[in-house]
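Each chain, written out:
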Amino acid sequence: MRYLRATVEWLKPDDTVTATQQTLRLAFALVATEWRGIFGVARILRDKKTMREDEFTSTWRQHRAPETWRRKVEARLGPDLARWRHTLLTGL
């Protein structure tokens, strides 16, 4: 939390409290919609200790939740968070 606060303060938004809250909501949205993929990759990394980029991409796609489910979660979290999530995950 200290790192997040320092980063937001460094960016100097007009309202640091709101910016921090939005950043936390974005992080929650990413984890909530991508948890299954994160968990799938983490299990392999736990066992193998390393992973090539193509293995990461393949594992992520294999384990992540179906698109319809991700869209439902995004709808609950709001359009701004869905746009950020899409922007950050483009290419995965």
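Residues numbered from 1 in each chain as written. Predicted model: local features only at pLDDT ≥ 70, side-chain atom pairs only at ≥ 80, totals over all residues. Heavy atoms only, no water.

A separate point is the environment of Leu-81. By the element assignment, Leu-81 lies in helix H5 (residues 79–89). Judged by its relative accessible area of 8%, Leu-81 is buried. Leu-81 sits 56 residues away from Arg-25 along the chain, and the two C-alpha atoms are 7.6 Å apart. The contact partners of Leu-81, leaving out residues within four places of it in the chain, are Gln-22, Arg-25, Leu-26 and Ala-29. (Helix = DSSP H or I, 4+ residues; strand = E, 2+ residues; numbered from the N terminus. Buried < 20%, exposed > 50% of the residue type's maximum accessible area, 1.4 Å probe, protein only. Contact = heavy atoms within 4.5 Å.)

Moving on to the nonpolar core. One finds Leu-26, Ala-29, Val-73, Leu-77 and Leu-81 forming the largest nonpolar core, which totals 5 residues. For this core, the elements supplying multiple residues, two or more each, are helix H2 (16–48) and helix H4 (67–77). When near neighbours in sequence (up to four residues on either side) are disregarded, Leu-77 contacts Arg-25, Phe-28, Ala-29 and Thr-33. (Core = buried A, V, L, I, M, F, W, Y, C linked by side-chain atoms within 4.5 Å.)

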